[in-house]
Number of protein chains: 4
Amino acid sequence: MTRPPDEGVYRRTTEVEQQESGVLGNTKHPDGEPWAWPESTWRRIVERARAGRNLKPATWPDRAACAVALSFDADHDTIPLRDGLESPMMISQGQYGSRRGVPRIRAILERESIPATFFYPAVSALLYPSEVRALSGDGHEIGIHSWIHERNNLLPYEVERELSFRSADTLSKIAGTAPVGMRTASWDFSPNTLRIIREMGLLYDSSLMADDDPYELLEDGEPTGIVELPPEWIRDDAVYFNMARFEGLRPYTPPSAVEEIFKAEFDGAFDEGGLFVLTMHPDVIGHRSRIGILQRLITHMKARGSCWFATHAQVAEWCRQRAAPA
Amino acid sequence: MTRPPDEGVYRRTTEVEQQESGVLGNTKHPDGEPWAWPESTWRRIVERARAGRNLKPATWPDRAACAVALSFDADHDTIPLRDGLESPMMISQGQYGSRRGVPRIRAILERESIPATFFYPAVSALLYPSEVRALSGDGHEIGIHSWIHERNNLLPYEVERELSFRSADTLSKIAGTAPVGMRTASWDFSPNTLRIIREMGLLYDSSLMADDDPYELLEDGEPTGIVELPPEWIRDDAVYFNMARFEGLRPYTPPSAVEEIFKAEFDGAFDEGGLFVLTMHPDVIGHRSRIGILQRLITHMKARGSCWFATHAQVAEWCRQRAAPA
Amino acid sequence: MTRPPDEGVYRRTTEVEQQESGVLGNTKHPDGEPWAWPESTWRRIVERARAGRNLKPATWPDRAACAVALSFDADHDTIPLRDGLESPMMISQGQYGSRRGVPRIRAILERESIPATFFYPAVSALLYPSEVRALSGDGHEIGIHSWIHERNNLLPYEVERELSFRSADTLSKIAGTAPVGMRTASWDFSPNTLRIIREMGLLYDSSLMADDDPYELLEDGEPTGIVELPPEWIRDDAVYFNMARFEGLRPYTPPSAVEEIFKAEFDGAFDEGGLFVLTMHPDVIGHRSRIGILQRLITHMKARGSCWFATHAQVAEWCRQRAAPA
Amino acid sequence: MTRPPDEGVYRRTTEVEQQESGVLGNTKHPDGEPWAWPESTWRRIVERARAGRNLKPATWPDRAACAVALSFDADHDTIPLRDGLESPMMISQGQYGSRRGVPRIRAILERESIPATFFYPAVSALLYPSEVRALSGDGHEIGIHSWIHERNNLLPYEVERELSFRSADTLSKIAGTAPVGMRTASWDFSPNTLRIIREMGLLYDSSLMADDDPYELLEDGEPTGIVELPPEWIRDDAVYFNMARFEGLRPYTPPSAVEEIFKAEFDGAFDEGGLFVLTMHPDVIGHRSRIGILQRLITHMKARGSCWFATHAQVAEWCRQRAAPA
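## A short note on the overall build of chain A
Here is step 1 of the chain: From N to C terminus, chain A includes 13 helices and 10 strands.
Here is step 2 of the chain: Against the 2.2 N^0.38 benchmark of 20 Å for 326 residues, chain A shows a C-alpha radius of gyration of 20 Å, consistent with a compact globule.
Here is step 3 of the chain: Structurally, chain A occupies a C-alpha span of about 55 × 55 × 40 Å along its principal axes.
Here is step 4 of the chain: Buried positions account for 68% of the 326 residues belonging to chain A.
Here is step 5 of the chain: Put simply, of all contacts in chain A between residues at least 6 apart along the chain, 72% involve residues at least 24 apart.
Here is step 6 of the chain: If you sum the accessible surface of chain A, you get close to 10000 Å²; carbon and sulfur atoms cover 51% of it.
Here is step 7 of the chain: Across chain A, the mean location of the 36 positive side-chain charges is 4 Å away from that of the 48 negative side-chain charges.

## Regarding the relation of the copies chain C and chain B
Here is step 1 of the chain: The transform that puts chain C on chain B rotates by 90° and translates by 0.0 Å along the axis, for an RMSD of 0.0 Å. Considering both components of the superposition, the chain copies are consistent with a four-fold axis. Proximity to the rotation axis, assessed at the C-alpha, singles out glycine 248 of chain C in chain C; its C-alpha lies 4.0 Å from the axis.
Here is step 2 of the chain: Comparing interface residues between copies, only 9% of those in chain C also sit at the interface in chain B, which points to a heterologous contact through distinct surfaces.

## Observations regarding the pattern of salt bridges
Residue and element names in this part refer to chain C.
Here is step 1 of the chain: Counted according to the given criterion, the structure contains 128 salt bridges over all chains.
Here is step 2 of the chain: With its nearest N and O atoms 3.0 Å apart, the salt bridge here joins glutamate 162 to arginine 166. Residue glutamate 162 and its partner arginine 166 are located together in helix 7 (residues 157-175), separated by four residues, close to a single helical turn.
Here is step 3 of the chain: Classification of arginine 166 by relative accessible area gives partly exposed; the value is 30%.

## A closer look at the relation of the copies chain A and chain D
Here is step 1 of the chain: You can overlay chain A on chain D at an RMSD of 0.0 Å; the transform is a turn of 90° with a shift of 0.0 Å along its axis.
Here is step 2 of the chain: In this assembly the copies use different faces: only 9% of the residues contributing to the interface of chain A also contribute to that of chain D.

## With respect to unusual backbone geometry
Residue and element names in this part refer to chain B.
Here is step 1 of the chain: Even without being glycine, tryptophan 187 reaches a positive phi, approximately 50°.
Here is step 2 of the chain: Along the polypeptide, tryptophan 187 turns up in the loop between strand 5 (181-182) and helix 8 (193-200).
Here is step 3 of the chain: By relative accessible area, tryptophan 187 is classed as buried at 3%.

## Focus on the interface of chain A and chain D
Here is step 1 of the chain: Taken residue by residue, the interface counts 65 residues in chain A and 47 residues in chain D.
Here is step 2 of the chain: Taken over both partners, the interface formed by chain A and chain D buries close to 5200 Å², and the fraction arising from carbon and sulfur atoms is 55%.
Here is step 3 of the chain: Of the charged contacts in the structure, one is a salt bridge between arginine 99 of chain D and aspartate 211 of chain A, with a shortest N-O distance of 2.8 Å.
Here is step 4 of the chain: Our enumeration of links across chain A and chain D arrives at 23 residue pairs in polar contact (both at pLDDT 80 or more).
Here is step 5 of the chain: Put simply, the parts of the chain that give the side of chain A that touches chain D at least two residues each are helix 1 (8-20), helix 2 (39-46), strand 1 (50-54), helix 9 (237-241) and helix 10 (255-272) of chain A.

## Concerning the interface of chain C and chain B
Here is step 1 of the chain: The partner chain B presents 48 residues to the 65 residues of chain C that form the contact.
Here is step 2 of the chain: Here chain C meets chain B over a buried area of about 5100 Å², counting both sides, of which 55% is carbon and sulfur.
Here is step 3 of the chain: Summed over the shared surface of chain C and chain B, the number is 11 salt bridges.
Here is step 4 of the chain: Residues aspartate 211 of chain C and arginine 100 of chain B are paired through a salt bridge, measuring 2.5 Å at the closest nitrogen-oxygen approach.

## Details of the packing of helix 4 (residues 88-112) of chain D against helix 6 (residues 129-137) of chain D
Residues and elements named next belong to chain D.
Here is step 1 of the chain: At a closest axis distance of 12 Å, the pairing of helix 4 and helix 6 adopts a crossing angle of 5°. By the criterion of interaxial angle, the relationship of helix 4 to helix 6 is roughly parallel. Residue-level contacts link Ser98, Val102 and Arg106 of helix 4 to Glu131, Ala134 and Leu135 of helix 6.
Here is step 2 of the chain: Of the residues assigned to the contact of helix 4 with helix 6, the class counts are three nonpolar, one polar and two charged.

## Considerations on the environment of arginine 100 of chain B
Here is step 1 of the chain: Within the secondary structure, arginine 100 of chain B sits in helix 4 (residues 88-112).
Here is step 2 of the chain: Along the sequence, arginine 100 of chain B and glycine 286 of chain B sit 186 residues apart, while their C-alpha atoms lie 6.6 Å from each other.
Here is step 3 of the chain: Every residue in contact with arginine 100 of chain B, bar those within four places of it in the chain, is listed here: Asn54, Asp211, Asp212, Asp213 and Glu272 of chain C.
Here is step 4 of the chain: Only 2.8 Å separates the side chain of arginine 100 of chain B from the side chain of aspartate 213 of chain C, close enough to count as a polar contact.

## Some details on the side chain of glutamate 141 of chain A
Residue and element names in this part refer to chain A.
Here is step 1 of the chain: Note on placement: glutamate 141 falls in strand 4 (residues 141-144).
Here is step 2 of the chain: Within the buried set, glutamate 141 has no salt-bridge partner at all; the shortest N-O distance to an opposite charge, 9.1 Å, is to arginine 183.
Here is step 3 of the chain: Among the polar contacts listed, one links the side chain of glutamate 141 to the backbone nitrogen of alanine 313, at a separation of 3.0 Å.
Here is step 4 of the chain: Dropping the residues within four chain positions of it, glutamate 141 is found in contact with Ala116, Thr117, Phe118, Val180, Tyr204, Thr311, His312 and Ala313.

## What about the pairing of strand 9 (residues 275-280) of chain B?
Residues and elements named next belong to chain B.
Here is step 1 of the chain: Most of strand 9 is tucked away, with six of its six residues classed as buried.
Here is step 2 of the chain: Residue alternation in strand 9 divides its side chains into two sets, Leu275, Val277 and Thr279 and Phe276, Leu278 and Met280, and both sets are buried.
Here is step 3 of the chain: With six bridges joining them, strand 2 (residues 66-73) and strand 9 adopt parallel strand pairing. Residue pairing across strands places leucine 70 opposite leucine 278, the latter belonging to strand 9.

## Brief notes about the pairing of strand 2 (residues 66-73) of chain C
Along a regular strand, successive side chains alternate from one face of the sheet to the other.
Residue and element names in this part refer to chain C.
Here is step 1 of the chain: Buried residues dominate strand 2, accounting for eight of its eight residues.
Here is step 2 of the chain: Neither face of strand 2 is open: one carries Cys66, Val68, Leu70 and Phe72, the other Ala67, Ala69, Ser71 and Asp73, and all of them are buried.
Here is step 3 of the chain: In terms of strand pairing, strand 2 meets strand 10 (residues 307-309) through three bridges, oriented parallel. If you follow cysteine 66 over to strand 10, its bridge partner there is cysteine 307.
Here is step 4 of the chain: Where strand 2 and strand 3 (residues 117-120) come together, three bridges link them in parallel fashion.

## Some details on the packing of aromatic side chains
To describe a pair of aromatic rings, one takes the distance between the centres and the angle between the planes.
All names here are of chain C.
Here is step 1 of the chain: With the rule as written, the count across this model stands at 32 aromatic pairs over all chains.
Here is step 2 of the chain: Seen in terms of ring centroids, phenylalanine 266 and phenylalanine 276 are 5.7 Å apart; in terms of plane orientation they differ by 80°. Their pairing is edge-to-face. Taken together, the residues phenylalanine 266 in helix 10 (residues 255-272) and phenylalanine 276 in strand 9 (residues 275-280) connect sequence positions 10 residues apart. Neither phenylalanine 266 nor phenylalanine 276 differs from the other in exposure class; each is buried.
Here is step 3 of the chain: Measuring from ring centre to ring centre gives 5.8 Å for tryptophan 308 and tryptophan 318, while their planes differ by 55°; the resulting arrangement is tilted. Here tryptophan 318 lies in helix 13 (residues 312-322) and tryptophan 308 lies in strand 10, a separation of 10 residues in the sequence.

Cut-off values and rules
Residues numbered from 1 in each chain as written. Chains lettered and ligands numbered in written order. Predicted model: local features only at pLDDT ≥ 70, side-chain atom pairs only at ≥ 80, totals over all residues. Heavy atoms only, no water. Helix = DSSP H or I, 4+ residues; strand = E, 2+ residues; numbered from the N terminus. Rg over C-alpha atoms; globule rule 2.2 N^0.38 Å. Buried < 20%, exposed > 50% of the residue type's maximum accessible area, 1.4 Å probe, protein only. Contact = heavy atoms within 4.5 Å. Areas by Shrake-Rupley, 256 points an atom, 1.4 Å probe, with all protein chains shown as cover. Lys, Arg positive; Asp, Glu negative; His and termini not counted. Charge placed at Lys NZ, Arg CZ, Asp CG, Glu CD. Least-squares fit on C-alpha atoms with pLDDT ≥ 70 in both. Salt bridge = Lys/Arg side-chain N within 4 Å of Asp/Glu carboxyl O. Buried area = accessible area lost by both parts, 1.4 Å probe. Polar contact = N/O pair within 3.5 Å; in protein donor to acceptor, adjacent residues only side chain to side chain. Axes fitted to C-alpha atoms, helices over the stretch in contact; angles between N-to-C directions. Parallel < 35°, antiparallel > 145°, perpendicular 65-115°, else oblique. Nonpolar A, V, L, I, M, F, W, Y, C, P; charged D, E, K, R; others polar. Pairing = 2+ DSSP bridges. Phe/Tyr/Trp six-rings, centres within 6.5 Å; stacked < 30°, edge-to-face > 60°.

Shown next as structure tokens:
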């Protein structure tokens, strides 16, 4: 951890993000064109937050066949807010997440006796504090998910760090317990995020995708003890159901096909005795035509055999304790 | 209603819309970067047109299991016109809505004895006045849907207000009765739209999406008495079937999958005893390969049990009268 | 036909096309913002090439239940060429249309004894003249489809006119008979196209979409005698199967779903006793995983009852002769 | 091969690529607007790397009904790297390809006794050299796939040539044998690529798409002896499953539909006695919900009859030896 925070990368990344929807490949990198980079450049980039030890344990609690960690990113109104958009229509779609999505999800989890993890942007928690308290009271975990769904790769180190600490503090005050894990907003894990997670003393992250099963994060080749619980766009409801008027994103995939994908991802985890991490959003999965996916998925999982349904924190703790010595 | 009209927001929103298809998140907001906003900024934005009291009534007329409000946005030629596009091909797609779409829809509604709401841009009504009169004569409701499908968020308060009043007046003259409800074009409800709706003395709006069932709109926390009948992109045929040559929008979802989605949304409404609002467009759903979706959906709804098929105005009036005191 | 050619529109349309994939709605129109246009502006725009008399005949030849006009736009290499793209990979995709697509299509049409219409950009016909002659020799119709798949809305009247006449002349020389109908490339029918079609003395156009069945085109309200055989993006294989690396266009719709759509469009035509126009491309439908759509569609059509399979010219001629007096 | 390398085309192509996601058709070509080009211009462009003799042999080894060439483009971390993107999330998606994708693929190929071809960007091979050696040791072929997944059309001749030779040399050193074939990254075969392939003395290319079966490449009309084994976007897993946050690319097509497409492409090859080339990516097909596509496809192929499963090099060699004299 002697590496200084990476200040130089954020400005360039901003430009890349800005160009990504238009022109690819012509942003100037300080080391020149990628095909002309020295080996040290690409090795440095890939080593920043690398997958290290596989932390899949020999057994799960109660000899369960696999582990299932359901998560809900309760972004609510923060998606338009983070872009400075004031459209009442977009804001109302966020409020739907709290008004309709969360109650439907909560009812299913209660009926099925399944604990889950709810990742809250701090602003979302401040808009709906009683919702956070009720979920926490139900035994669900509350995790960190940025301040206002900001994009970490657009921020310098100090700003990302301050927002991360403030977000954790805000959730602690509202939920009554300190969060132990982070999911970056839009999985926008910056070159500085791992350093900040270590400074915060967190147990786990859930943003990087180098495996299906838990692994230990390496920072510049050094083991960190941080557990990664890998998400994937494939196991994210928003990928298939988002609607953006001007970007060509549409809910083109029918719910039955999304159900097929989620079940196939779970079946792989079950067959391998591994971990199944699923990311949903109350304002996405919570709709009448989609909430059945969650219900039918749970029914399918229970029908296949014994699954350990647990919060992200519980899975991370179990895996960390059983990790073989490095 | 002492808040002055929001003049400052429209210019910025214009820029955001212009950037939305290209670069997100780098438009300057007068209060600075969203992650640096004071709490007062994001609270002001979310409170402009918030969902208040749930207006779902204890019972529907004739003890129906749920309410069904079918609507058709009869945009016809106005989609290319509002963008200043003069392509005869695009114009012909709009004429199809009147020449083929409306007759097919009207025949189904008559055969099934279902009243519906047709929202007309005023220019569309001026192009096809006999169509408007015939639908009105059939007992269908004619609702406000902008002047020429303009984008409200690109307009200052005075222009949006003048076009809204003029549109209502135009429909009154053509249909013979004054419209009582509005659906904003593209659900582009601006920060000034609620204020204008109150000035017009309308019964309801159908543009905001904070719930599935009817609710009362709050303006800056104050109850307005305006009934919101929530639409959703999910329940809109154009989302799945639109075709734009240069934007990557294509009719990727097969009709059978759209039917699956609409039925699942209805089934949720039926099971909950709630409201099902469906938005269609004569030039979209009216095609030979799609009109069957509407017919099969109606057959499915009637087979499930007693549904109250009503216009938006009838639903809004029923819910307003039965609302518990605030 | 006293209206002067529309020279003013092409420059603006160019700008609109250029902005369409980026920013919508902010191109300056000489008459100002569309919501502020005088009525004369939008009436003039919609009247340029309007649908007039319905030309669906009382009966089809041999008392067939409906008419089927299959067409193939043999663009081959012209798609990358028209954009000035020299990528050998893209060029090879065009050659596939001639090397693999046309032979597979020709074999099916011969086996099923179905005449069809092949629309050729002149450059494509010049690259593959023996293919044009062979198809013509099989009894298929050769129709006009631009010079090099240029976009008409980017051209001034004189250029569009010269390219149209030269294209017709080129096809005449190669195929040995003069073409009698036109399909504009990308259905990019400009404000001047109808005037040019009249000057060329053509029988029909197949670019505008105001109906499913044949209709007479009106120019500024005046009957032209030109028969429109309406295509639609819905009945176009490329919409579902195109692949563009940088635009987000992908073949997201599986072949079985495209087959569902085409069959449903045909079934509507059969049930109504109308016309079914289908547009395909040899380099799109000709692939091993897609050619079966055409075969199964033909099998389905023949199984439903007696269909009149005819070229576009045959359908247009039949309808024109049977049209009721204007 | 007396034509000088094409230096002039790369600058213009760069501009076209940059505009492709935004505005099409307005890049200046040195010969002017494509509709005004002299015939020599479009003939020169189409002749650069044209399909010549069909190299489909009279019989396959052991009288197999068809040939199957499975390939895996092991891009791993190079996709974000080639664009200068340093996002740890994107990098982790690449590492997944090595950590999870390759082992699953290797297990299936071993169990089914199928040799395949793995195309490696040199940087990917340098990041995972033991993986390359293990695959080579299993009997799989290692093929050239650029240095760092750079876009050839953005490079001048000398740079493309130097990177191509260096990539081949790097793979030789790691795998222990010299590669004999190339697949350009993103099938971005430049106007100079064929010349470079000839200079390298390669046996085959797998980037161009003018046929389903093998063919000989012509350079400016001259036979080259180079065997083309044609890929297609249709037979590429990434087309359907890619996910790009800002471009509107999403995994909209469910795995069962991708399986339908791949099977239909294979069935065509089987029925014709031809070649089936399939392109996959370890970080795409390797996921739990997708790897079953590969397994079920192999089961389907073996069930249909005797297939010759071979590396690209084996197929190219077989076809070259059996080619009729030119």
